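Fold and geometry: a report
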Amino acid sequence: MYRILLGLFPSTLFAQTLIVGIPSTDVAPKREFAIAHETQANRFQSGGYWNSFTFATYGLGNGLELAASLYGPSRPASPELSLGLGFKKRFTMSGDWAKRHEWTIATGAMVPASFRGNGVGIWTYGLTSIRVPKTRTRFTAGPSYGTRQIFGRTAVKAMVGIEQPLTKKVSLVTDWFTGTHDLGASIFGVSYQPSHSLLVITGWKMANNTESGKSAFMVEVAYIFGHKKHE
């Protein structure tokens, strides 16, 4: 749901957002605006299943981005439907090892307001990532705390992600949000970036358990408006 998604590999394109289902440590470049939509569906579930989210980000520069996300449009209707506003801040570590492994740290927060009369909540998280120089594999991990407006309950959990470029346009992606809550799932996908401004991810979401929701096929599409190459 919160898949402030995308944030992938060889270029600056969607580094401002997610891996697939968890945030990445990247942020939007200055003055770049991106919008994305994810649909999850499984027609084989009893009665059918559809879930989605939509989000937008804007880069302010100096490692800071603003974000807005709509969580919860679904069928059957979710008990939680909310609009969240927030930010993410990235810090790049210094030193030879840190530069060689692209070591970065990020922290972010989102304030979701419920459309179902459930008030205003909070989601805050921290992440660190490194990249293996030879294979270009990137590992990301960190803690998360969020309330029912996004997670369906108060949840203190961990996030883990792996990104593996195969070519300049194609990458394998996987991430895992631990625990029992509305976002508790692992996602296995393939990302395709045909241009600097367009990214498509397809894959399978596997819920951690029946209390965390349903497993489903997923498709994410994101586009950057006014993208410019960065030196």
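As the structure is a prediction and not an experimental result, all values here were calculated from the model.

1. Focus on unusual backbone geometry
- Positive phi, normally seen in glycine, also occurs at N62, with a value near 55 degrees.
- Mapped onto the secondary structure, N62 falls in the loop between β2 (50-61) and β3 (64-75).
- Here E102, not a glycine, exhibits a phi torsion of approximately 50 degrees, which is positive.
- Inspection of the secondary structure assignment puts E102 in the loop between α1 (96-100) and β5 (104-114).
- Residue class for E102 comes out partly exposed when judged on its relative accessible area of 33%.

2. As for the packing of aromatic side chains
- Going through the model one piece at a time under the given rule, you end up with 8 aromatic pairs.
- Centroid distance F151 to F177: 5.6 Å. Interplanar angle 70 degrees. Geometry classified as edge-to-face. Here the residue F151 occupies a position in helix α2 (residues 148-151), and F177 occupies one in strand β9 (residues 170-177), the gap between them amounting to 26 residues. Each member of the pair, F151 as well as F177, is classed as buried.
- Grouped by ring-pair contacts, the aromatic residues W123, Y125, F151 and F177 constitute a single cluster.
- Positioned above the aromatic ring of F91 is the side chain of K89, whose terminal nitrogen or guanidinium carbon lies 5.6 Å from the ring centre.

3. Section: a nonpolar patch on the surface
- Side chains of F33, I35, Y58, L60, L66, F87, Y223 and F225 sit close together on the surface and give an oily, nonpolar patch of about 690 Å² of accessible area.
- Every element with two or more residues in the nonpolar patch is listed here: β1 (33-41), β2 and β12 (216-225).
- Looking at the element boundaries, F33 is found in strand β1.

4. Some words on the pairing of strand β8 (residues 155-165)
- Looking at chain direction, strand β7 (residues 138-146) and β8 are connected through 9 bridges and run antiparallel. Of the residues in β8, the one forming a bridge with T140 is G161.
- By the bridge criterion, 7 bridges tie β8 to β9 in an arrangement that is antiparallel. Across the sheet, E163 pairs through a bridge with V173, a residue of β9.
- In sequence, β8 turns back onto β9 through a hairpin of 4 residues.

5. Topic: the confidence of the model for the protein
- Here the protein averages 86 in pLDDT, and 86% of its residues register 70 or above.
- When the criterion is pLDDT under 50, residues 1-16 qualifies, and its contacts beyond four places in sequence or with other chains add up to 115 contacts.

6. Comments concerning the environment of L183
- In this structure, L183 sits in the loop between β9 and β10 (185-192).
- Sequence separation of L183 and F151 is 32 residues, and the distance between their C-alpha atoms is 6.1 Å.

7. Looking at the pattern of salt bridges
- Applying the stated criterion to the full structure yields 5 salt bridges.
- Linking E102 and R131 is a salt bridge whose minimum nitrogen-to-oxygen distance equals 3.0 Å. With E102 in the loop between α1 and β5 and R131 in strand β6 (residues 123-131), this residue pair connects regions lying 29 residues apart in the sequence.
- Residues E163 and R138 are paired through a salt bridge, measuring 2.7 Å at the closest nitrogen-oxygen approach. With E163 in strand β8 and R138 in strand β7, this pair connects stretches of sequence that are 25 residues apart. Neither residue differs from the other here; E163 and R138 are each classed as buried.
- Several salt bridges share partner residues, and in doing so they unite D26, R138 and E163 into one network.

About the criteria used
Residues numbered from 1 in each chain as written. Predicted model: local features only at pLDDT ≥ 70, side-chain atom pairs only at ≥ 80, totals over all residues. Heavy atoms only, no water. Helix = DSSP H or I, 4+ residues; strand = E, 2+ residues; numbered from the N terminus. Buried < 20%, exposed > 50% of the residue type's maximum accessible area, 1.4 Å probe, protein only. Phe/Tyr/Trp six-rings, centres within 6.5 Å; stacked < 30°, edge-to-face > 60°. Lys NZ or Arg CZ within 6 Å of the ring centre and 35° of its normal. Patch = residues over 30% accessible without salt bridge, like charges linked within 9 Å, V, L, I, M, F, W, Y side chains within 5 Å. Areas by Shrake-Rupley, 256 points an atom, 1.4 Å probe, with all protein chains shown as cover. Salt bridge = Lys/Arg side-chain N within 4 Å of Asp/Glu carboxyl O. Pairing = 2+ DSSP bridges. pLDDT = per-residue confidence, 0-100. Contact = heavy atoms within 4.5 Å.

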